[in-house]
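Examination of the molecular architecture
Single-letter residue listing:
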Amino acid sequence: GAESRAVNSRTLFRGAFWTLIALLLVFHVVGGWYFSGVLIADAFEVDGDPITVTSGDYELELVEYETDLGPMDAWYFPADGDTWVIHVHGKGATPAEAEPLFGPLQDAGYPQLAITYRNDDGQPDDPSGYYQYGTTEYRDISDAVDYALDNGAERIFFNSYSTGAAHTLGFVFREVRDRVIGAHFDSPNIDFGETVSHNASQRELPLLPFNVPETVSAVAKFFTSLRIGISWQSLDYVETSETSLKIPVLVHHGTSDLSVPVESSVEFAELNPQLVQLIYVEGADHVGAFEAQGDEYVENVLAFLDNLE
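Remember, it's a predicted structure, so these values are computed and weren't measured experimentally.

The rules behind each value
- Residues numbered from 1 in each chain as written.
- Predicted model: local features only at pLDDT ≥ 70, side-chain atom pairs only at ≥ 80, totals over all residues.
- Heavy atoms only, no water.
- Patch = residues over 30% accessible without salt bridge, like charges linked within 9 Å, V, L, I, M, F, W, Y side chains within 5 Å.
- Areas by Shrake-Rupley, 256 points an atom, 1.4 Å probe, with all protein chains shown as cover.
- Salt bridge = Lys/Arg side-chain N within 4 Å of Asp/Glu carboxyl O.
- Lys, Arg positive; Asp, Glu negative; His and termini not counted.
- Charge placed at Lys NZ, Arg CZ, Asp CG, Glu CD.
- Helix = DSSP H or I, 4+ residues; strand = E, 2+ residues; numbered from the N terminus.
- Pairing = 2+ DSSP bridges.
- Axes fitted to C-alpha atoms, helices over the stretch in contact; angles between N-to-C directions.
- Contact = heavy atoms within 4.5 Å.
- Expected span 1.5 Å × (residues − 1).
- Buried < 20%, exposed > 50% of the residue type's maximum accessible area, 1.4 Å probe, protein only.

**Some points on a negative patch on the surface**
- Residues Glu194, Glu214, Glu239, Glu242, Glu263, Glu267 and Glu270 make up a contiguous surface patch of negative charge.
- At three residues, helix α8 (residues 262–271) tops the list of elements feeding residues into the negative patch.
- Here Glu239 is to be found in helix α7 (residues 237–244).

**Notes on the sheet that holds strand β7 (residues 249–254)**
- Taken in spatial order, the eight strands make up an open sheet running β1-β2-β4-β3-β5-β6-β7-β8, and their pairing is mixed. Among the strands making up the open sheet, the edge pair consists of β1 (61–65) and β8 (276–281). Pairwise comparison of adjacent strand axes, ignoring direction, gives a mean angle of 20 degrees for this sheet.
- Each of β2 (72–77), β3 (83–88), β4 (112–115) and β5 (155–161) is contacted by helix α2 (residues 99–107), which is oriented at about 160 degrees to β4, the strand it contacts most.
- On top of the sheet, helix α4 (residues 163–174) reaches β3, β5 and β6 (180–186); it is set at about 145 degrees to β5, its chief contact.

**Observations concerning unusual backbone geometry**
- With phi around 50 degrees, Ser162 is a residue other than glycine that occupies positive phi space.
- Along the chain, the position of Ser162 falls in the loop between β5 and α4.
- For Val287, which is not glycine, the phi dihedral falls at a positive 50 degrees.
- The residue Val287 is located in the loop between β8 and α9 (289–293) in this model.

**Regarding α4**
- Here α4 spans 17 Å end to end across twelve residues, near enough to the 16 Å set by a 1.5 Å rise per residue.
- Where burial is concerned, most of α4 is hidden: eleven out of the twelve residues are buried.
- For α4, the elements touching its buried residues are β3, α3 (138–150), β5, β6, α7 and α8.

Right, dumping it as structure tokens:
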């Protein structure tokens, strides 16, 4: 009778509930494993752009600096000053990424070193075979600083793009160098776990009419850690900055950056209000601040650097 129907209803409900839980579990495991493979291929496997020496209205010399992996190439821009600017490009890019600043900085008297680093085209590979987002690349930054100091630099200023900012912070958080006076970051990719979630939220799921949910992204990051030994906590330079950042930093970040969330730069500035100056660039995409601002961008960097001397 009625009691039997109620029992059957509860049984059906429990069956449906646990079936749904099982499907969700399978969905997350299968989806997480699939997207961990995508993540490894897109973000960690080495695929750098070919490096072509740039030319323009500036003087440039090709040099090498020594690292524990062997010599690495760099472009040296001579000038009379003793504050050197070291340019650190983003993942997959080349030293030419800093080209808009080469001429203005040289004209202003700042010697410059635009470096390559491990896993760049034609340079030594990281022993892991993967990009490491600053956890090993910082050693190359350290060696580039040594080269500058050995060749006349009295002070060091970093100009870093995207993941190059992670490499730079990896260095300044690990090594205390009194001669490092500050840095400029353009679209800094300094919380890679957050960047992965940001990009996943824009990616459509195969065969399903919605984007990758945060829960699947979290499982994908977990599987990535298991597969290639990545520690996501070590790639969060934003949180670490609250206790480890000791130098002033100017940040340009576009409000329409689809690659690296501007929220990472906002949190970076909020955690370090005495050291970090954030300039929002309305409508600019990833590393698009110069294109959006032009001379204003250059003037901001030069004024910030001049004030540190």
